[in-house]
Amino acid sequence: MTKNIRIERRGAVLEVTLDRPKANAIDSATSREMGETFLAFRDDPDLRVAIITGAGQKFFCPGWDLKAASEGEAADTDYGPGGFGGLQELPHLNKPVIAAVNGICCGGGLELALSADIILAADHASFALPEIRSGTVADAASIKLPKRIPYHIAMELLLTGRWFDTTEALGWGLINRSVPAEELMRQARDLADHLASGPPLVFAALKEIVREAEDMKFQDAMNRVVRSQFETVERLYRSEDQREGARAFAEKRDPVWKGR
């Protein structure tokens, strides 16, 4: 445990819990701790999946600590590796990350959740991008949200800062599923364990392709894939795991993935 987050390692799964009373807000020191944690996760070959959640049942994360801001912490301060919250700008993070949203998720907290690959939310969770009311801009959400949900809905949420619930979030495809609060971590852990048993080199290739292809033309991205011009794809096609997958299919058995 660091000062502001709890870290638990369960086999190949890393659980990161924001634990900063009263509301799990993130100041620069917390962000740097999170960045170092996710950097270590990225670079540890024995870790395959991460879960990010918040302590308690009321707050996942409300984003930037406005108390710290009122005391002089600048919006463009050094947030450490990975930018704000340690995830949204962390390069080469080619492992799955699950956000288990356990309560209020707004501002930079919603941007943190959007940085995950899969979002599970407790059915009482609520969401908003209220930065407009505090005289700042939801920068990461302004970039990501219109690519995730319809443009006009994204702009309404950004321009009004209004709150919305899990039913609406699910309807727009912003979250993967809404679950009873008491089931949230069990389902997140079950999903993490399932992913941890999967092919890590394939997951890495998938994440790099999706990330890099976002701003590429379809054919340009396909050309890079088939020519193994993505580092993770090249590694996958030269790996023991790729041969193991083919053998396991032919032998009608479950593959044993080694990540090499």
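Here the structure is a predicted model, which means the values were calculated and not measured.

Caption draft 1: The arrangement of the sheet that holds strand E10 (residues 177-179) in detail. In space, the 6 strands of this open sheet follow the order E1-E2-E3-E5-E7-E10, with mixed pairing throughout. Looking at strand neighbours, the two that pair on one side only are strand E1 (5-10) and E10, the edges of this open sheet. Sheet twist, expressed as the mean angle between neighbouring strand axes with direction ignored, is 20°. Where strand E7 (residues 118-122) lies against E10, 3 bridges are found, and the strand directions are parallel. Bridge assignment links Ala122 to a residue of E10, and that residue is Val179. Those strands touched by helix H1 (residues 28-43) are E1, strand E2 (13-18), strand E3 (49-54) and strand E5 (97-101), and its axis lies near 175° from that of E2.

Caption draft 2: Expanded view of the nonpolar core. Membership of the largest hydrophobic core comes to 44 residues, with the highest contact counts inside it found for Phe38, Ile52, Val101 and Phe127. Not counting residues within four places of it along the chain, the set of residues in contact with Val101 comprises Phe60, Ala113, Ile119, Leu120, Ala121, Ala122, Ala125, Phe127 and Leu184. Grouped together as the second largest cluster of nonpolar side chains are 18 residues, Ala12, Leu195, Ala196 and Phe203 included.

Caption draft 3: A look at the packing of aromatic side chains. Inspection of every chain in the model, using the stated rule, returns 2 aromatic pairs. Note on Phe127 and Phe164: the rings are 5.5 Å apart at their centroids and 25° apart in plane angle, and the pair reads as stacked. One end of the pair, Phe127, is in strand E8 (residues 126-128); the other, Phe164, is in strand E9 (residues 164-165), and 37 residues separate them in sequence. Residue classification places Phe127 among the buried residues on the basis of a relative accessible area of 1%. Judged by relative accessible area, Phe164 falls into the buried class, the value being 7%. One Lys or Arg, Lys95, reaches over the ring of Phe41 and ends 5.1 Å from the middle of that ring.

Caption draft 4: Looking closely at the pairing of E1. Sheet topology places E1 next to E2; 6 bridges connect them, and they run antiparallel. Bridged to Glu8 within E2 is Glu15. Connecting the antiparallel pair E1 and E2 is a turn made up of 2 residues, with Gly11 showing a positive phi of about 60°.

Caption draft 5: Geometry of the environment of Ala113. Inspection of the secondary structure assignment puts Ala113 in helix H3 (residues 108-114). Using a relative accessible area of 1% as the deciding quantity, one classes Ala113 as buried. Taking the C-alpha atoms as reference points, Ala113 and Ile98, 15 residues apart in sequence, are found 8.4 Å from one another. When sequence neighbours within four positions are dropped, the list of residues in contact with Ala113 reads Phe60, Ala99, Val101, Cys105 and Ile119.

Caption draft 6: Looking closely at the pairing of E3. Burial within E3 is extensive, with 6 of its 6 residues counted as buried. Here E3 shows two buried faces, one formed by Val49, Ile51 and Thr53 and the other by Ala50, Ile52 and Gly54. As paired elements, E2 and E3 share 6 bridges and run parallel to each other. Note on E3: the bridge partner recorded for Thr17 is Thr53. After leaving E2, the chain enters H1 and then returns to the sheet as E3, a path that is right-handed. Alignment of E3 against E5, held across 4 bridges, turns out to be parallel. Residue Ile52 lies in a different strand from E5, and its bridge partner there is Ala99.

Conventions adopted
- Residues numbered from 1 in each chain as written.
- Predicted model: local features only at pLDDT ≥ 70, side-chain atom pairs only at ≥ 80, totals over all residues.
- Heavy atoms only, no water.
- Pairing = 2+ DSSP bridges.
- Helix = DSSP H or I, 4+ residues; strand = E, 2+ residues; numbered from the N terminus.
- Axes fitted to C-alpha atoms, helices over the stretch in contact; angles between N-to-C directions.
- Contact = heavy atoms within 4.5 Å.
- Core = buried A, V, L, I, M, F, W, Y, C linked by side-chain atoms within 4.5 Å.
- Buried < 20%, exposed > 50% of the residue type's maximum accessible area, 1.4 Å probe, protein only.
- Phe/Tyr/Trp six-rings, centres within 6.5 Å; stacked < 30°, edge-to-face > 60°.
- Lys NZ or Arg CZ within 6 Å of the ring centre and 35° of its normal.
- Right-handed = clockwise from strand over helix to strand, strands pointing away.

Without other data, these values stay purely geometric and don't point to any function.
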